[in-house]
Each structure stands twice: as C-alpha cells, then as structure tokens.
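Report on the structure
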Amino acid sequence: MLKQMDGSYAVGEAVALCRPQVVSCYPITPQTHIVESLGKLVKSGELADCSFMNMESEFGAMSACIGSSAAGSRTYTATSSQGMLFMAEAVYNASGMGLPIVMTVGNRAVGSPLNIWNDHSDAMSVRDAGWIQLFVENNQQSIDVHIQAFRLAESLGLPVMVNMDGFILTHAYVRVDMPEQEQVDRFLPPFQPFQKLDPQDPVTMGALVGPEAFTEVRMLAHKRMERALEVIPAQMEAFANIFGRDSGGLVKKHYEGEADTVLVTMGSVIGTAKEVVNELRDQGESINAVTLRTYRPFPTEALKEAVNGAKRVVVLEKSFTPGMGGIVYQDVVAALAGTGIEVQSVIAGLGGRPVTRKSIRTLFAGCDQRTGFEVLDLDHATLDREVTRESAVLDRII
Amino acid sequence: MQSQILHFPAKEAVIKHQQTGDLTISNRLSEVGDSLQGKTDRPNSLDSGHRACQGCGEALGARHAIDTALDATDGELIVVNATGCLEVFSTPYPESAWRTPWLHSLFGNAAAVASGIAQSMKIQRKDNVRVIAQGGDGGTTDIGMGCLSGMFERNEDVLYICYNNEAYMNTGVQRSSQTPGAARTATTMPVGEHPGNHFGIGKSVPKIAMAHGIPYVATANICNPRDLEAKVRKAMSIRGARYIEVFVPCPLGWGTASCDTIKVARQAHNCGLTPLYEAEYGQVTAVSKIACPEPVKAYLKSQRRFAHVFKKGNEHQLEAIQAIADANIKAFDLLENPLQGERV
C-alpha cells in the first residue's frame, strides 16, 4: 500500500509486520521515532503478542534483547551514536552467542564534540562485533531490508544491524510502498531458534571458553558470516518474488557495464552520487557508481565483479579513523588487492555536513591529482589556523 | 506393588547431619525442620565437580538458593548469571555444573537479561517458567546497579539473588561498594594512616531495593540455610521484582580457613554486622533475632583482612566497626531480650 510517511514510522510499521515478540528500547536521537511508533502499535493492540520494554539504558536494552532472544522470542531494538557505544559490550555478546536480534541504527556521529547529525561513526565503532551490517539507501529499502533482516538473522543465527542515515532517512517524509501482512507472513516464517533456554531441555549458554577453544569459536562465527554472502542474494531473490522489488543484495551497480572511474559508497549519499554520475555520463565521461549494501560480511567477490574493468575506484565514505583516514577505504583496498585498480579515499558528510552534488562533482574532478585521503568541503582556513595555534602550545610542552 | 520412582536418582551417599538453625543439628531422618539438602530428591542444581575454592560460601549459597527455587517451581526455572566467580567456576567450556537452563551474558547486565527472559516467557504464555538472576556483589551493587534498578522499577517478574562476599574476588580481591570499612583488599591495602578500606556511609542494596517499593526484599546468610531456603521459597511464591542478598564468606579473599566459612558467617550474624530481615513493598516485616550475641572482635579476629585492626594505634577502627554493629542491633531490634546481650 502506498503511504506518505517519515522514515522512522515506516521502519516501525515494517518491523511490526515482522511480528516481533519483544521490542526493547531506550530513546536516543535520531532513532526515537522508530521505537515510539512500535510502542504505539503495541499499546493500541495493532501489534499483538508483543512486549514493549522501556529500558533504563541502551546497555540494558541490548541486554534485554539477549535474554528475550535466548528464551526464543523474535526480538528487535534500535539505537544511534552514543547509544550504540553504550551498548557495545552487549552488542559483541549478542553476536558471540549467535542470537538473531535485529537492530536498526539511525546512523549518527559519535562525540565528543556532541553532534546529533548523520555519519557512519556509530556503525564503524562496532564493525568487528560479528553482526551482519546492512546499509540502506532510501526509505523504501529501509522497509524491505528490515523484513529481510529478520529472515536473514534467524536463518543464520546471527544478529543483523540495519543502518539507515539519521535524519536524512529517519526524518524524511517520502512515499513508500508498505507491504501487506500476508506478503510478509509468506516471506518470514515464525522464529524457530536453534537452541533456547527451556526448562524441559536445559542448556548452558555463555560459558567461559579458554585458549584451547576460543579461536575455533571465533572462526565458527566467521564461517557463519561468510555463509551470509550466499544467503543474502538468495533471500533477496525470494523477497523480489513475493514483493516485486529488488533491494540491493550485496552490492548494487548503478549502470551495467564497465567504466574507468567507479564511485563506491554506502547509505543515502548514493542518491546524490547517482545524479552526478548521470550528469557526467551525459557529458561523455566513463563513470559509474556502486553501493555497498552489505558491509559485514564484506562482499569481496561481488565488489570485484562490480568494479571489474575500472582504472580507479573512489571510496566516498562518512566515516573516519583519526591517525589513518577512511575506514571503508581500507576494506576496499584489501578487497581489490592484486587487481591493479587504483583506490582513492574521500571522506565527506561527517557530523551531518551535507554532501552536495557540487561536492561530488569536485570529487570526480580531483581524481587525477589525489594522494592520501581527501576531505570534501573542509574549511582549510579554520583548520590551518587552529593547527598553528595548537602547535605553538604543544611545542612548548613537548 | 509398584515400586516408587524418584524424580532424580537417589545418591547412595553417606547420610550427613544437617544443620537446622543457629546452633542445633537435626536428624536428617526427621521430616520436621529438615533442609532440602537433607532430602534424597534434592534437585542438585549446581552439580558436584565444579571448580570453586574449598569452603566457598557463594557455591554453598547458590546451591541452596537454586535448589530451593527449583523445588518451589517444580523445575520450571531459568537462571541468569552475572560474570564472576560463580559463573567462572561452574561453566568452564566444555563443562557445566548447572542442571537448569542457564545463561551468562556480561558482568553488569544480569538483571536486564533476566528481564528480557521474563518478558519473553510472558509473551509466549509460559507463565509457569520463572526467572532468577544471580551475581556477586560487584556485578550487582556496582557495575550492575543501573540494570538492577531498572528491573526493580519496571517490577519485572524476576528474583535477583546477590551473593555478597564483600569484594571483587574473581579478579583478585579488589574493593567493591560492599567492602566494609577497614577491610584489606588488593586495592585497599592495610598501609598508611588509615589502613584498609575507608569508612564511608556504605551502600545498602537491600535498602535501595526497598526504596523501589518492590514486593519482596530479604537478606540471608549461609550460616542459616533453612532461613535462606524459606526466603527463596517465599520469594518464588510472589510475582514481580524480588531481591535477596545472601551473605557468603570467601576464604580466599577474607583470609579465613576453608573449614571456617560457616563459623565466620555465623559470627557475622551474631555480632550484628549482617542483620537478617525481610521487607515487603518497602516495609520491614520480619527480623531474625540474634540468639547468641558476640562482639565484633570475635568475627574480625578470624579474618586476615582485618588483622591490622588489632594492631596498636588502630583501636579506633575496631570501635568504628563495633559502632556499626551496635547501630544495626538498635535499628533492627536484633536482640531477643536485653539479658541475652550479657551472655558472652
């Protein structure tokens, strides 16, 4: 059914269609509307047989998810930014125990300085936690990917994080096609846990594991993650058969065929990037854009295939590691090692700075002289002034 | 005639005498006043073969508590454990000493995990399945305090049991917010002008639990296992958030002989430092009187963590500890009658 609604409420409705049994929440901007909408659906009875837990912190929210999922209930939560870092310990724990929790992350910068606007720092902070990490590009994909996330999580026994850009998507009112309950029921069977806490069949979960077995346990998690690389495209096909829509799979090429320069990016920025790519192609440039929808597990082979024939790949990302540079860039470099493709790093949109068409045009224009990483729309004058001032102080101390 | 089938195979063990109260030993063959541990069909929730230290008070407390809860719920029980000694010594992979569904997640989140399980059971309409969360004093009263308070405030149908051994024993005896004044720990060494742990105003988690107005709060002590069992049984008859704090001496951390755990625990009770009481909806409803009062000296003397208190110049520390015990005795009216106070 076509509806005009904000991204968060759309996610809330999509999650409700998945019939979660426990929704555990703690408020944090810009994620709040998602759990608010679910709270309302539970209260009104529209979402039946669901417990809505108002927790004392994000740490508690993820912990309650761990308990409820381990006890055999389909479980959901959402967070952003500082909240993600506050729950980080439990985030690792959930994946270590193989609990198929689904969590939405309304991506937002992590302070200090305090900033509530969008970038991908929060998702990157738990990049290595063992969760499947999916990134969506628009609100329709948010809906579709959440429905896939539950099936993916429960079929693999791994938690799934659906990343949607804070404000840009969560707060955007757009027209979306909300699936019918009957369609979702056909796609998503009831939760059948591999093992659960059951007095009739007692199991011990979360034991202490020593050096003699820990490596094997981690490698098992890795193997399961790798299976996701097959399962995601297969489930996307099953989804398309029922809902009549494709939602990205592992990676998504904007144009078929080869191009000299390929922009690789994640999240909502691809919308703007595609427009610039269209413009430049019209002007005869050999250019393309590729979206990484699946970030963990990293779709190495799919990416290689998508950028095959390119001279250079430019990684445009909203994440940054001080002392190094781009984060996704490093993954792409590792994935394309040995292919001879030059990989460039461009960082943009940190802390909600808009990534405009103009900025992306300059990104392509600078391809021939780029060394190291480039930060788009950086106020060099301010930065240089502050660096000089700080250096003067530090020189005295050092 | 059909032979009787026992729920659990009876162990052909030597029949041991069971302690029934503060001072008496019962005949285990008598049904009246016997502990669950004296019965052949006890649930054995924490099986033998685990790796606790000799004389571990926490293992004893946990076994009594979970056995009782299993008995009270007809085996329909899920246990959540905070990180700590109890978790580490009972579940080194690939072994497990637990005969119940059991989950360990993290150090500070047992109350929240248990909340999630309770809600999960409710939504699956398995109301007969009950949930217990357990942990040491560090995981409960320090790092787990936020989740615990949240669990109380939401009045989740969970019994939280804190085994209080007054420090972080699993990491090597560091101070917790339950470490008493003057006590030596690895982070409060008996050196300097004020040796041992500082005297603060203390953190009484039972009182904090009472302030949440939850249905049931109790303190227990492994020196009186029947009282502990009765409190767990009562807690399992109530729905909503419940909290029991069990006093469990730690031979390793306290510097006591392994064979003295019960003795030290009883001395703590007798001197008034660990008042035993029950509270419902924030009001104290019952207090265990001290049958045989002792000064704190006897209790402190048997523990190396208090050795410096008896050194010359530290008399004020001894007095300060005695003052805390006296205040407890007065506040909870712990003496059976004034005359008994002169017996020792």
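What counts, and at which threshold
Residues numbered from 1 in each chain as written. Chains lettered and ligands numbered in written order. Predicted model: local features only at pLDDT ≥ 70, side-chain atom pairs only at ≥ 80, totals over all residues. Heavy atoms only, no water. Helix = DSSP H or I, 4+ residues; strand = E, 2+ residues; numbered from the N terminus. Buried < 20%, exposed > 50% of the residue type's maximum accessible area, 1.4 Å probe, protein only. Contact = heavy atoms within 4.5 Å. Areas by Shrake-Rupley, 256 points an atom, 1.4 Å probe, with all protein chains shown as cover. Pairing = 2+ DSSP bridges. Right-handed = clockwise from strand over helix to strand, strands pointing away. UniProt positions renumbered as here; feature names shortened; annotations may be inferred. Domains from an automatic or database assignment. Buried area = accessible area lost by both parts, 1.4 Å probe. Salt bridge = Lys/Arg side-chain N within 4 Å of Asp/Glu carboxyl O. Polar contact = N/O pair within 3.5 Å; in protein donor to acceptor, adjacent residues only side chain to side chain. Nonpolar A, V, L, I, M, F, W, Y, C, P; charged D, E, K, R; others polar. Expected span 1.5 Å × (residues − 1). Axes fitted to C-alpha atoms, helices over the stretch in contact; angles between N-to-C directions.

**Some remarks on the overall build of chain A**
Counting secondary structure elements, chain A contains 14 helices and 16 strands. For chain A, the C-alpha atoms occupy an extent of roughly 65 × 55 × 45 Å along the three principal directions. Counting all 398 residues of chain A, 55% fall into the buried class. Within chain A, contacts between residues at least 6 apart in sequence are counted, and of these 81% link residues at least 24 apart.

**Topic: the overall build of chain B**
A tally of helices and strands in chain B yields 11 helices and 10 strands. Taking all 344 residues of chain B together, the buried fraction comes to 57%. The contacts of chain B with a sequence gap of at least 6 include a subset with a gap of at least 24, amounting to 71%. Surface accessibility of chain B: about 14,600 Å² in total, with carbon and sulfur atoms responsible for 54%.

**A short note on the pairing of strand S3 (residues 77-81) of chain B**
Residue and element names in this part refer to chain B. Counting buried positions along S3 yields 5 of 5 residues, so the element is predominantly enclosed. Of the two faces of S3, the one lined by Leu77, Val79 and Asn81 and the one lined by Ile78 and Val80 are each fully buried. Here 5 bridges tie S3 to strand S5 (residues 130-136), and the two strands are oriented parallel to one another. Looking at S5, one finds that Val80 is bridged to Ala133. For S3 and strand S4 (residues 102-104), the ladder comprises 3 bridges, and the chain directions are parallel. Looking at S4, one finds that Val80 is bridged to Leu103. For the handedness criterion, the β-α-β arrangement of S3, helix H2 (residues 85-90) and S4 is classed as right-handed.

**Examining the UniProt feature "domain: Thiamine pyrophosphate enzyme TPP-binding" (unreviewed entry) in chain B**
Here the UniProt feature "domain: Thiamine pyrophosphate enzyme TPP-binding" (unreviewed entry) sits at residues 83-246 of chain B. Split by type, residues 83-246 of chain B is 33% helix and 17% strand. Its first and last C-alpha atoms lie 17 Å apart.

**Observations regarding the domain arrangement of chain A**
Residues and elements named next belong to chain A. For chain A, the domain assignment lists domain 1 (2-243) and domain 2 (251-382). Placing the centre of domain 1 and that of domain 2 at their C-alpha centroids yields a distance of 27 Å. Taking both partners together, domain 1 and domain 2 bury about 2,000 Å²; carbon and sulfur atoms supply 57% of that area. At the junction of domain 1 and domain 2, the tally comes to 2 salt bridges. Taking the shortest distance from any N to any O, the salt bridge between Lys318 and Asp165 comes out at 3.9 Å. For the pair domain 1 and domain 2, the interface holds 10 residue pairs in polar contact (both at pLDDT 80 or more). Elements with a minimum of two residues in the side of domain 1 that touches domain 2: helix H6 (121-125), strand S6 (132-135), helix H7 (139-156) and helix H9 (214-243). Among the residues making up the side of domain 1 that touches domain 2, the classes are represented as 15 nonpolar, 7 polar and 5 charged.

**A word on helix H1 (residues 57-72) of chain B**
Residues and elements named next belong to chain B. In this model H1 runs 22 Å from its N-terminal to its C-terminal C-alpha over 16 residues, within 8% of the 22 Å that 1.5 Å per residue would give. Across the 16 residues of H1, 13 count as buried, placing the element largely inside the fold. Just past H1, the residue Asp74 takes up positive phi, approximately 60 degrees.

**Focus: the environment of Asn221(B)**
All names here are of chain B. Here Asn221 shows up in strand S7 (residues 216-221). Separated by 58 residues in sequence, Asn221 and Tyr163 have C-alpha atoms that sit 9.4 Å apart. If sequence neighbours within four positions are ignored, Asn221 has contacts with Val246, Phe247, Ala265, His269, Thr274 and Leu276. Within the local environment of Asn221, its side chain forms a polar contact with the backbone nitrogen of Cys223, the two atoms lying 2.9 Å apart.

**Concerning the sheet that holds strand S15 (residues 342-347) of chain A**
Residue and element names in this part refer to chain A. Strand order in this open sheet of 6 strands is S10-S12-S11-S14-S15-S16, and the pairing throughout is mixed. Each edge of the open sheet carries a strand with a single partner, namely strand S10 (251-253) and strand S16 (373-375). Adjacent strand axes in the sheet meet at a mean angle of 25 degrees when their direction is disregarded. With 5 bridges joining them, strand S11 (residues 261-265) and strand S12 (residues 287-292) adopt parallel strand pairing. Following the sheet pairing, Thr261 is matched in S12 by Ile287. Where helix H10 (residues 269-282) meets the sheet, its contacts fall on S11, S12 and strand S14 (312-317), and the angle it forms with S12 comes to roughly 165 degrees. Where helix H12 (residues 328-335) meets the sheet, its contacts fall on S11, S12, S14 and S15, and the angle it forms with S14 comes to roughly 155 degrees.

**Here's the deal with the pattern of salt bridges**
As enumerated under the stated definition, the model contains 36 salt bridges over all chains in all. Taking the shortest distance from any N to any O, the salt bridge between Asp47(B) and Arg99(B) comes out at 3.0 Å. Of this pair, Asp47(B) sits in the loop between strand S2 (25-26) and H1 while Arg99(B) sits in the loop between H2 and S4; the two residues are 52 residues apart in sequence, bridging distant segments of the chain. Under the relative-accessibility criterion, Arg99(B) is labelled partly exposed at 34%. A cluster of three or more residues bridged by salt bridges with shared partners is formed by Glu275(A), Glu279(A), Arg357(A) and Arg361(A).

**Considering the pairing of strand S5 (residues 102-107) of chain A**
All names here are of chain A. Taken across its 6 residues, S5 has 6 buried, putting it largely inside the fold. Here S5 shows two buried faces, one formed by Val102, Thr104 and Gly106 and the other by Met103, Val105 and Asn107. As paired strands, strand S4 (residues 75-79) and S5 are joined by 4 bridges and run parallel to one another. Across the sheet, Thr77 pairs through a bridge with Met103, a residue of S5. Here S5 runs beside strand S7 (residues 160-165); their pairing, made up of 6 bridges, is parallel. Among the inter-strand pairings, Gly106 is bridged to a residue of S7, identified as Met164.

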